[in-house]
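Below are the chains, spelled out letter by letter.
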Amino acid sequence: TTIENQYSSKEKFLQFLSSLSYIEIKDLGDSFVYGSSDKIRYSEYFATAALSLPEPNKAFYSLFSAGRLHEKVYPNSSKNLDYYRTAIYLAEEDSFDRALWYYIRAAINFSTTAGYQAFLDFSNAWKDPYYFDDVVELFSANLLSKYQWESYFDLFSTIYPYLSPTSKGKTDYILGSLIEANLIPSKNDSDFAKEYYKKAFSNAETEGYYRIMA
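Just so it is clear, the model here is predicted, and its values are computed rather than measured. Throughout, a residue's number is its position along its own chain's written sequence, starting from 1. At least 70 in pLDDT is required for a residue's local features to be given in this predicted model, at least 80 for side-chain atom pairs to be given and counted, and no such filter applies to totals for whole chains, interfaces and linings, which use all residues. Excluding hydrogens and water, the side-chain values take into account all heavy atoms of the structure.

Engineer: Break down the pattern of salt bridges for me, with residues and values.
Structural biologist: Should a side-chain nitrogen of Lys or Arg be within 4 Å of a carboxyl oxygen of Asp or Glu, the pair is scored as a salt bridge. Considering all chains together, one arrives at 10 salt bridges under this definition. Here D30 and R68 are joined by a salt bridge, their closest N and O atoms 2.7 Å apart. With D30 in helix α3 (residues 22–35) and R68 in helix α5 (residues 56–73), this pair connects stretches of sequence that are 38 residues apart. The same class applies to D30 as to R68, namely buried. The salt bridge involving R105 is made with E71; its shortest N-O contact spans 2.9 Å. Of this pair, R105 sits in helix α7 (residues 93–110) while E71 sits in helix α5, and the two are 34 residues apart along the sequence. Comment: elements are numbered from the N terminus, with helices defined as DSSP H or I runs of at least four residues and strands as E runs of at least two. A 1.4 Å probe rolled over the protein chains alone gives each residue an accessible area, and that area as a share of the maximum for its type sets the label: buried under 20%, exposed over 50%, partly exposed in between.

Below is the structure:
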């Protein structure tokens with residue numbers, strides 16, 4: 001609140017940000033995400049500042065903060081995707097997965113189509129596949145709850161090499177189940193189902209429930 005009162009105009013706020021170090025911008029952004037009384041205004045300020053900050057890591061966290069602030073008020077907005085997607089390309093290695101995770105989650109929240117495309121575009125770029133297990137689970141449930149069996153099969157067959165072993169185990173079990181239930185016409189063969197079940201069972205990191213079922 002003190003900073004908001006002191007730097008209420010865009011010009012003053014941009015000057016203030018330009019004087020800060022990366023760590024200070026990071027701490028400030030986090031504080032605004034949880035404590036700002038006018039998240040949309042400061043989302044715009046952070047986004048505008050990112051255009052003029054010379055260091056990529058400062059520009060990254062300013063833009064990343066803009067996305068998080070905007071998402072707090074409008075969780076299903078396309079603007080969130082714009083902020084996060086641009087931030088991905090500015091992120092340094094230690095921030096990349098976090099930035100990408102926010103982008104994928106925002107895409108899922110925006111639409112099934114956007115979520116599908118986000119996984120296709122970026123799953124081969126993430127560094128730590130375990131970091132993405134929760135959004136993989138979220139989108140898996142999204143597709144299956146909408147009976148989009150073939151979309152599930154096509155997407156998860158494509159991104160399978162980039163999944164964590166834990167996500168691979170569950171995916172193998174689900175793919176086997178879909179084939180066994182004749183929900184994938186192009187794979188209507190019980191031998192395909194058996195192969196997926198075997199992979200799920202032999203994977204030591206498959207969750208216990210899915211391993212037992214497989």
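What follows picks up the thread again.
Engineer: Break down helix α10 (residues 149–159) for me, with residues and values.
Structural biologist: Those residues of α10 that fall on the buried side of the exposure criterion are Y152, F153, L155, F156 and I159. In the core, the buried residues of α10 are packed alongside α8 (112–122), α9 (133–145), α11 (165–180) and α12 (190–202). Residue contacts are counted whenever heavy atoms from the two residues lie within 4.5 Å of one another.

Engineer: Break down the side chain of E4 for me, with residues and values.
Structural biologist: Tracing the backbone shows E4 in helix α1 (residues 2–6). In this structure, E4 is buried with no salt-bridge partner, the nearest side chain bearing the opposite charge being R41 at 7.3 Å. Apart from residues no more than four positions distant in its own chain, E4 is found in contact with F32, S36, S37, D38 and Y42. Two residue types count as positive, namely Lys and Arg, and two as negative, namely Asp and Glu; His and chain ends fall outside the count.

Engineer: Outline the packing of helix α6 (residues 78–90) against α7, listing residues and values.
Structural biologist: Helix-helix packing: each pair is described by the crossing angle between the helix axes and the interaxial distance. Comment: axis = line fitted to C-alpha atoms, over the contacting stretch for helices; angle = value between 0 and 180 degrees taken between N-to-C directions. Viewed as axis vectors pointing N to C, α6 and α7 meet at an angle of 160 degrees, and their least axial separation amounts to 9 Å. Comparing the axis directions of α6 and α7 gives the class roughly antiparallel. In terms of crossing hand, the pair formed by α6 and α7 is left-handed. Along the contact surface, α6 presents S78, N80, L81, Y84, R85 and I88, while α7 presents F96, A99, L100, Y102, Y103, A106, A107 and F110. By residue class, the composition of the contact of α6 with α7 is 11 nonpolar, 2 polar and 1 charged. Each angle receives one of four descriptions, namely roughly parallel if under 35 degrees, roughly antiparallel if over 145, roughly perpendicular if within 65 to 115, and oblique otherwise. Handedness of a crossing follows from how the near helix is turned relative to the far one, being left-handed for an anticlockwise turn of less than a right angle and right-handed for a clockwise one. Charged residues are taken to be Asp, Glu, Lys and Arg, nonpolar residues to be Ala, Val, Leu, Ile, Met, Phe, Trp, Tyr, Cys and Pro, and polar residues to be all remaining types, Gly included.

Engineer: Requested: an account of the environment of E195, with residues and values cited.
Structural biologist: Residue placement: E195 occurs in helix α12. Separated by 83 residues in sequence, E195 and T112 have C-alpha atoms that sit 29 Å apart.

Engineer: Provide a residue-level description of the packing of helix α2 (residues 10–18) against α3, including the pertinent values.
Structural biologist: Relative orientation of the contacting elements α2 and α3 amounts to 135 degrees, with a least axis distance of 10 Å. Classed by the angle they form, the pair α2 and α3 counts as oblique. Of the residues in α3, those touching α2 at F13, F16 and L17 are I25, L28 and F32.

Engineer: Quick one: what's the story with the nonpolar core, residue by residue and with numbers?
Structural biologist: Core analysis: the largest hydrophobic core is formed by 68 residues, its most contacted members being F13, L100, Y103, I104 and F119. Examining the composition of this core, we find that 10 residues originate from one element, α7, more than from any other. Aside from chain neighbours lying at most four places away, what touches I104 is A118, F119, W126, F132 and V135. Buried Ala, Val, Leu, Ile, Met, Phe, Trp, Tyr and Cys residues form a nonpolar core when they are joined through side-chain atoms within 4.5 Å.

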